[in-house]
Amino acid sequence: MSDPRIEQTRVLLRQVARSPLGKEQIETLRSVLRFHEHRYYVLHDPLIADPEYDLLYKELERLEKEDPALIRPDSPTQRVARELTAEFPTVKHLVPMLSLENSYNADDLLDFDRKAWEQTGLETIEYCVEPKFDGGSISLIYENDRLTRGATRGDGIEGDDVTPNVRQIRSLPLHAPLSDHGIQQLEIRGEVLMDKEKFRQYNESLMEEGQPPLANPRNAASGTLRLKDPTQVAKRNLEAIVYHISYFTLLPGKSTPQSLQTHEGSIELLWNLGFRSPQGEKRVFKGIQAVIDYCHAFEAERDALPYEIDGMVIKVNELSLQEKMGMTSHHPRWAIAFKFKARQATTKLLSVDFQVGRTGAVTPVAKLEPVAIGGVTVSSISIHNEEYIREKDLRLGDEVLIERAGDVIPQIVKSLPDARSGKEKKIVFPRQCPVCQHALHKEEAEAVWRCGNWKCPAQSVERMIHFVSKDAMDIRGLGEANIRKFYEAGLLNDIPGIYELNYEKIGAMEGFGKKSVEKLQQSIHASKKQPLHRLLYGLGIRFVGETTAKTLARQITHLLDLKEKSLEELQQLEDIGPKVGGSIHQFFQEASNIRLLERLGSLGLTLQQEAKTKTTDGSLSGKTFLFTGTLPTLKRSEAEALAEEKGGQILSGVSAKLNYLVVGEDAGSKLEKAKKINTIKILNEAEFLELIGKPASS
Ligand code: IVH
């Protein structure tokens, strides 16, 4: 039987098309909107189109505006935060928030099982196993069907009341029908998470602004929960998963719901109340061996999940047995965490190198005593800037805790001051460029020191490396190593020089045969015809990333058009704000840059926008794509361009946000990951061409 709210949605939408809704429909309207929020944010399976949802939402807003007395705190319109939070009041949890005992291997779990036999007098115990979500813990109170409080863990007894922020988490219902189950008040526990894809995007935006990225999604989630501005919290798209009922009271005359006899039942109840709970991930097993197997199997799939987990939690399933086993002051005796292989390790900070990038930014890089984390040896890590070093109080000789969270580049989490011997030394940031000795400068609002010498050898080399890179001019055969070699040999000084290389001299260098020189020559020559946006990106103008370069290129006919535009005119272009506009303006006002572009033009590079022969029909608008492995006929860049031409978006990793993974030969781990997420469609090249309406001719 289908949910009545589906039919109600149809009725409301039909009516709105003809005339505004009336006051008497406001509760139906709210209930329908809550239903679709749940489908979208909890089940990730919407049943209506976004504009249809928006239409109904606007009707509710209108009705509430016309008669504010109709507003209820659990109305879908009431997530919107209106004020900054002055401070977070301290509040007492109804029941203390305990921690978990940790285990690391099968023997630890066998011990746990044995203790459970002793405490219960049973020989076979039923366990419920679920992931250990790696975020920030929260405690939520619902009363009379409404969310009334959200608090952080704090010291376990008292935490910070972060209700305005918690209300921004769209997967947490503001209204949950507790009364249908006879419940009056409910305190639940869960974890606030930032999913891996959102975290990647968030870190990218931090780095674009010149700020250091965060070490892991956990810090991003906990940090977000403490922001003073709930509108900022809303933008970060946090999620919440709840896994424990710590306290409840019943409505008069009602008895405890049947489901609350087991932990599994409480997970189901939470799910039925509209929460995201580990409903799909939890498993119940009799005896510990099957539990151990499930934990190991889950660990193998860890990377394929859209969010981070750091282990599994094993809980005695019968709540009456849980009560019998009780708790210590630190953790319940009826539960244990099985921790996965650590992605953190401690090591020694040996020295710091200062590297100069293509924009002159000087980045300190910590050299570490090599240490293995999750199968990879880490021996150096960027420590971003002077402020970061100060904030983390890093010193030479320090023991540091480092982390490699999933696909994220390793980061230093913190230094360990307790392990200091007193011989550690301050890290002194240079005031002169370590490569050309030019004085470094720092703009007031920035954390980065820069070398302002345009001719600084380090910058010249880095600019060329960026220019030839895969996403820019994609000159195969002229990678970082060759650029450095040619530069050192005096054969290459700047970007235009790439097109004036002396191939005879290169041929005489060690390691270059006739064939490889020919290939190099060909690929350099072919790059002259790269589309304008690649050249624009390749120039390495600050803040002009790949996406900006594409939008910008679409809006000009000739690269030098940008020279003629005033700052105001630049800012009127699509997607160009003051920061990016200012940087582009500065670049095109610099005579040496114009000379460089003119030289490139006379060397035969495309400075002109290609005439648009293909039209963008947008038929795949909103769909996301990722290409992996070698495709039989298309180059990766060609395939991406075809998808983009139809309005598709290219993602950089496999996540639940991905719609299509197009696979070629040697597809590797991305394919394995994608197979585990059943919403991703896996296509080969022929199927992809069919999808975009360009079937391969047979
Ligand atoms: S049960 C009394 N279940 O891990 C109930 N905790 O390291 C104790 N956590 O403080 C918590 N996922 O914040 C439980 N599925 C899960 C969990 C989980 C993550 C967190 C929780 C706890 C911490 C202990």
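Check the entry above for the structure.
Cut-off values and rules
- Residues numbered from 1 in each chain as written.
- Predicted model: local features only at pLDDT ≥ 70, side-chain atom pairs only at ≥ 80, totals over all residues.
- Heavy atoms only, no water.
- Helix = DSSP H or I, 4+ residues; strand = E, 2+ residues; numbered from the N terminus.
- Rg over C-alpha atoms; globule rule 2.2 N^0.38 Å.
- Buried < 20%, exposed > 50% of the residue type's maximum accessible area, 1.4 Å probe, protein only.
- Contact = heavy atoms within 4.5 Å.
- Areas by Shrake-Rupley, 256 points an atom, 1.4 Å probe, with all protein chains shown as cover.
- Lys, Arg positive; Asp, Glu negative; His and termini not counted.
- Charge placed at Lys NZ, Arg CZ, Asp CG, Glu CD.
- Expected span 1.5 Å × (residues − 1).
- Arc of directions from axis to C-beta.
- Polar contact = N/O pair within 3.5 Å; in protein donor to acceptor, adjacent residues only side chain to side chain.

**Things to note about the overall build of the chain**
Next up, step 1: Helix and strand counts for the chain stand at 25 helices and 24 strands.
Next up, step 2: The C-alpha radius of gyration computed for the chain amounts to 29 Å, which stays within 12% of the reference 26 Å derived for 698 residues, consistent with globular compactness.
Next up, step 3: If one aligns the C-alpha atoms of the chain with their principal axes, the spans along those axes are about 90 × 75 × 60 Å.
Next up, step 4: The buried share of the chain, reckoned over its 698 residues, is 48%.
Next up, step 5: Of the contacts formed within the chain by residues at least 6 apart in sequence, a portion of 67% connects residues at least 24 apart.
Next up, step 6: Here the chain displays about 34500 Å² of accessible surface, and carbon together with sulfur accounts for 49% of that area.
Next up, step 7: Averaging the coordinates of the 93 positive side-chain charges in the chain and doing the same for the 100 negative ones gives two points 2 Å apart.

**Structural notes on helix α4 (residues 106-120)**
Next up, step 1: For α4, with 15 residues, the first-to-last C-alpha span of 21 Å sits near the 21 Å given by 1.5 Å per residue.
Next up, step 2: Among the residues of α4, those classed as buried are L109, F112, D113, A116 and T120. Down the axis, α4 shows its buried residues gathered within 100° of arc, on one side only. In α4, the exposed residues that point more than 90 degrees away from the buried face are D107 and E118.
Next up, step 3: The inward-facing, buried residues of α4 contact β2 (102-103), β3 (126-133), α10 (288-300), β10 (309-316), α11 (319-325) and β11 (335-339).
Next up, step 4: Structurally, the start of α4 carries an N-cap: the backbone nitrogen of D107 is 3.2 Å from a side-chain oxygen of N105.

**Examining the side chain of R34**
Next up, step 1: When you line up the elements, R34 lands in helix α2 (residues 26-42).
Next up, step 2: Assessed through its relative accessible area of 15%, R34 is described here as buried.
Next up, step 3: One polar contact links the side chain of R34 to the main-chain carbonyl oxygen of D74, over a distance of 3.0 Å.
Next up, step 4: Residues in contact with R34, not counting those within four places in the same chain, are E27, D74, S75, P76 and H175.

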